[in-house]
Amino acid sequence: MKVLKFGGSSVATAERMTLVTEIVKGKLRKDKRLVVVVSAMGGVTDMLIDSSVMAQQGKKGYLKKVDEMFDRHKEAVLELCGEKGLKRLLPKLQEKTDNLKNLMQGVFLVRELSPRVQDCIVSYGELMSSIIIADFMNQSGLECRWLDSRQVLRTNSDFGAAKVDFKVTNANIKKLVKSKTKLMLMGGFIASNDEGVTTTLGRGGSDYTAAIMASGVEAKELEIWTDVNGVLTADPRKVSKAFTLDSMTYEEALEMSHFGAKVIHPPTIQPVLQKDIPLRICNTFQPEFPGTSIRAKSDNKHIIKGVSSLSQIALVTVQGSGMIGVAGVSGRLFSSLATAKVNVILITQASSEHSISFAVKPEDAAKAKAAIEDAFEYELRRGAINEVAIEDKLSVVAIIGSNMKNTTGISGQLFGALAKNGINVRAIAQGSSELNISVVVKNADEKKALNALHETFFLADKLSINLFMIGTGLISKTLLKQIEDQLPRLSSKMNIEIGLTGITNSRKMLIKEEGVSLSDWSSELEEQGKKANLQAFIKQIVKANLANSILIDCTASEAPIGHYAKLLSNSISIVTPNKIANSGKLKDYKNFNRLAKKHGVKFLYETNVGAGLPVITTLNDLLKSGDEIVKIEAVLSGSLSFIFSSFTKERKFSEVVIEAGDKGFTEPDPREDLSGQDVARKVLILAREMGLQLEPKDVVVENILPKPLIRAKTIPAFFKELPKHDKHFAKLRDKSLKEKKVLRMLASIEDGQTSVALKAVDESNPFYHLSGSDNMIVFTTKRYSNTPLVVKGPGAGAEVTAAGVFAEIISVASYLE
């Protein structure tokens, strides 16, 4: 024999009741006998509670709600059974409704709603749904016997959450088993006491009814049919990548339910656990899905079976020197809480016995404090115990799995995942059974913690990255295209999934936790984006608090820099080709790197110098290995390298500058390059990486631009003025050619000094042979003294710069793994 229970969502409409009947038909082909337990139609119990409260408050609208409930059941009968069936069932429904109205009228007149009357009122939901479904099953060719649950389940008189008298109840069930009826159907949730007065079993009562019946008939399996595919690894509203478990143990299911899993209610487990009856969670709307099997032993496919949480808890801490080595402190503490009827969710105690912390519901915190202060009045007065501390706006996050005790490194993985996402742990608890590890975190970090842990324990073969991008210029477009092209390789070869979660430019901004399309981001931004507001964009990123978040600043603007500190402080890594942050004030450069280190995230800016070339990485590797930098000489501007290598005798300077701009080598305002300021920023960054405490003014820059070009008020004005100075630059070129030299804008760091100057170099100089937009950085060090270390390659262009940013995104991902 099997017992099947169908929840409120499964019987909410006539269409769904038909689906339930088809499932039962299919089961009867395999199983000779079935007991079916049904809930009230979805929403009906709440409707009954609301109407009874309205009656208690003297609001006449309660009758309208009762009529609405009657009409809903009547319509279901008409759709299921037609006019003939309605004629057959209507007297029963009308009788139930009239009885219900009489009860409500009594409540309305005396303005009193006792638990006893409330139980009687809410019982009508299950009574009416079970009568309708049983009748329809009979009409559909199934020989179905309707059972009045009140005649089967016996309880005490604790109305609202009555305790089952299993001796009488099991005896009643045994009688039913002897009847040999193939199909029995009853309402869940309701029972009666010794006097025959209606009682209810409390929250999850229909599941409990089914479990009691399964235990009583010694079923081979209990099936709970609901609207999900089984027990999920996490709450899908908080963890989008949660998936259905194949199996789990009774103990794991109990832990999951304690931590808020809505599919199973704790009392449901006990009757089937005692008889070792397997329990299966199935989906009414996808009956072919196997669901989740809950039994004494489960598979070892996943060491951790769930990541759960309890939102909104308060942490109460009692501490003081008067607790150390004193027997009975814990007993007095928890006895006082029990007397005050405070439920304790989690307990943790320092090994020094100096403090005890425990979690309670926020509404119980003040009551707990008062109870403790009363119990420890003497110790508090003499200072042996400090004032009781309460910390609110917290959540408990737990990982659950019976195989944890046999596996090393679980705690390390848990705390490593939380640390890498900047999540601070306020308290830790682990039972001696090692069935779960619980941590208390800020409520604002709950979702982030759940996702970080779920990814660590269930999706270890895939790391999901959330990208937020500022800027939609050429580098951004190129980067997004590169990422899109590499997604299959990243997934299959590196187990990394990169998603664009937010993007903004000067006009529009868009944040979508489910992801912005990498192929159609421009259209989505234009059509779905809101008016751009950088401060609001950053605020949303911080508020979203998503695991593995990286901000990409692809602008050349100062505006995003002001938000770097906030992002890093909220454990969001930053990757940027924007060199303004690191070439501005020294204190800002130091602060950004300090914050990144403090909060366990990355602040990467390799593309600040040399586009995609490994310049900063090479320098840091030299320094980390103990080498000493003697001198650095470099061509650090791909645009200037292109301009001066292309500035041959046959060409005009203005033509070459325009061509460099067309190729995307120069900044929008070429004066950023030609003035040497762009190179100055890059060499300053290298100097700071070496440890030199320099400000921008400390870089000596030779200005090669005539004053009229510097004074041009706009970019168009600059380009209009530029051809007038072709002769000036031709003289510089011709002079160098006459000396068999070429012009190069060289940056240098030596003896603590930095400079940028246009120099003529001969054929013996390594910079002489540079061509195109190539950069070259020459490191002369204590180890590389005779033959300097040279890094050479393209130093400008969207493709190489985007590739450099892409590489650093992968670097952050590798760190987060």
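All values derive from a computational prediction rather than experimental measurement.

Here is what the cut-offs are and how they apply
Residues numbered from 1 in each chain as written. Predicted model: local features only at pLDDT ≥ 70, side-chain atom pairs only at ≥ 80, totals over all residues. Heavy atoms only, no water. Helix = DSSP H or I, 4+ residues; strand = E, 2+ residues; numbered from the N terminus. Rg over C-alpha atoms; globule rule 2.2 N^0.38 Å. Contact = heavy atoms within 4.5 Å. Areas by Shrake-Rupley, 256 points an atom, 1.4 Å probe, with all protein chains shown as cover. Lys, Arg positive; Asp, Glu negative; His and termini not counted. Charge placed at Lys NZ, Arg CZ, Asp CG, Glu CD. Pairing = 2+ DSSP bridges. Axes fitted to C-alpha atoms, helices over the stretch in contact; angles between N-to-C directions. Parallel < 35°, antiparallel > 145°, perpendicular 65-115°, else oblique. Left-handed = near helix turned anticlockwise from the far one by under 90°. Nonpolar A, V, L, I, M, F, W, Y, C, P; charged D, E, K, R; others polar. Buried < 20%, exposed > 50% of the residue type's maximum accessible area, 1.4 Å probe, protein only. Salt bridge = Lys/Arg side-chain N within 4 Å of Asp/Glu carboxyl O. Patch = residues over 30% accessible without salt bridge, like charges linked within 9 Å, V, L, I, M, F, W, Y side chains within 5 Å. Phe/Tyr/Trp six-rings, centres within 6.5 Å; stacked < 30°, edge-to-face > 60°.

Colleague: What should I look at first to understand the overall build of the protein in this one?
Modeller: Looking only at helices and strands, the protein has 28 helices and 29 strands in total. Here the protein has a C-alpha radius of gyration of 36 Å; the compact-globule value for 817 residues is 28 Å, and the former is much larger. For the protein, the C-alpha atoms occupy an extent of roughly 115 × 75 × 50 Å along the three principal directions. Within the protein, counting contacts between residues at least 6 apart in sequence, those at least 24 apart form 72% of the total. Per element, the accessible surface of the protein, about 36,300 Å² overall, is 50% carbon and sulfur. Side-chain charges of the protein comprise 108 positive and 93 negative groups, with the mean position of each set lying 1 Å from the other.

Colleague: Can you walk me through the sheet that holds strand E21 (residues 549–553) in this structure?
Modeller: If you trace the seven strands from one edge of the open sheet to the other, you get E20-E19-E18-E17-E21-E22-E23, paired in mixed fashion. Each having just a single partner strand, strand E20 (530–531) and strand E23 (603–604) make up the two edges of the open sheet. Along the sheet, helix H15 (residues 521–528) contacts strand E18 (496–504), strand E19 (508–516) and E20; its crossing angle with E19, the most-contacted strand, is approximately 115°. Packing of helix H16 (residues 534–544) onto the sheet brings it into contact with strand E17 (463–470), E18, E19 and E21, and relative to E19 it is tilted by some 15°.

Colleague: Can you help me understand the packing of helix H20 (residues 615–624) against helix H24 (residues 677–689) in this one?
Modeller: A packed helix pair is summarised by two numbers, namely the angle formed by the two axes and the spacing between the axes. Direction vectors running N to C along H20 and H24 enclose 20°, while the axes themselves pass 10 Å from each other. Between H20 and H24, the angle falls in the class roughly parallel. Two packed elements cross with a definite hand, and for H20 against H24 that hand is right-handed. Contacts between H20 and H24 involve Val 615, Ile 616, Leu 619, Asn 620 and Leu 623 from the former and Ile 685, Leu 686 and Glu 689 from the latter. Of the residues assigned to the contact of H20 with H24, the class counts are six nonpolar, one polar and one charged.

Colleague: Teacher, can you tell me more about the environment of Thr 781 here?
Modeller: You can see Thr 781 is positioned in strand E28 (residues 774–781). Classification of Thr 781 by relative accessible area gives buried; the value is 0%. In this structure the C-alpha to C-alpha distance between Thr 781 and Glu 524, which are 257 residues apart in sequence, comes to 51 Å. Setting aside its immediate chain neighbours within four residues, Thr 781 contacts Leu 622, Asp 627, Glu 628, Ile 629 and Val 630.

Colleague: Could you clarify how one ought to interpret the pattern of salt bridges in this entry?
Modeller: Pairing of side chains with opposite charge becomes possible as their charged atoms draw close. Within this structure, the stated rule accounts for 40 salt bridges. For Lys 5, the salt bridge identified is with Asp 207, shortest N-O distance 2.8 Å. Pair noted here: Lys 5 is in strand E1 (residues 2–6) and Asp 207 is in helix H6 (residues 205–217), with a separation of 202 residues, a long-range link. Here the two residues Lys 5 and Asp 207 agree in accessibility, since each one is buried. Asp 485 is paired through a salt bridge with Lys 481; the nearest N and O atoms lie 2.8 Å apart.

Colleague: Honestly, the sheet that holds strand E12 (residues 346–349) in this entry has me stumped. Any pointers?
Modeller: Strands pair in a sheet through their backbones, by hydrogen bonds, and they do so in one of two ways: parallel or antiparallel. With antiparallel pairing, six strands are arranged side by side in an open sheet as E12-E13-E11-E14-E16-E15. Edge strands, defined here as strands with exactly one partner in the open sheet, are E12 and strand E15 (427–430). Within the sheet, the average angular offset between the axes of one strand and its neighbour, ignoring direction, is 30°. Relative to strand E13 (residues 355–360), E12 runs antiparallel, the two being bridged by four bridges. Bridge pairing in E13 places Thr 348 opposite Ser 357. Sheet strands in contact with helix H10 (residues 362–375) are strand E11 (306–319), E13 and strand E14 (389–400), and its direction is about 30° off that of E11. Contacting E14, E15 and strand E16 (436–442), helix H12 (residues 410–420) runs over the sheet at an angle of about 15° to E16.

Colleague: Help me out: how do you make sense of the side chain of Glu 252 in this one?
Modeller: Secondary-structure assignment places Glu 252 in helix H7 (residues 250–258). For Glu 252, a relative accessible area of 0% gives the class buried. Apart from residues lying up to four places away in sequence, Glu 252 is in contact with Ser 298, Lys 305, Ile 400, Gly 401, Ser 402 and Leu 435.

Colleague: So what exactly am I meant to see when it comes to a negative patch on the surface here?
Modeller: A cluster of like negative charges, contributed by Glu 15, Glu 68, Asp 71, Glu 75 and Glu 79, occupies part of the molecular surface. A total of four residues in the negative patch trace back to one element, the largest contributor, which is helix H3 (residues 62–110). The topology assignment puts Glu 68 in helix H3.

Colleague: Got a minute to help me understand the packing of aromatic side chains in this structure?
Modeller: Each aromatic ring pair is described using two quantities: the centre-to-centre distance and the angle formed by the ring planes. Applying the stated rule across the entire model yields 13 aromatic pairs. Centroid distance Phe 6 to Trp 225: 5.8 Å. Interplanar angle 25°. Geometry classified as stacked. Highlighted residues: Phe 6 in strand E1 and Trp 225 in strand E7 (residues 221–226), separated in sequence by 219 residues. Grouping residues by exposure puts Phe 6 and Trp 225 together as buried. Three or more aromatic residues joined by ring pairs form one cluster here, namely Tyr 564, Phe 592, Phe 603 and Tyr 605.

Colleague: Help me understand the environment of Val 77 in this model?
Modeller: With respect to the helices, strands and loops of the structure, Val 77 is situated in helix H3. The spacing of Val 77 and Ile 133 is 56 residues in sequence and 8.8 Å in space, taken between C-alpha atoms. Beyond its immediate sequence surroundings of up to four residues, Val 77 is in contact with Gly 82, Gly 85, Leu 86, Leu 89, Leu 93 and Ile 132.

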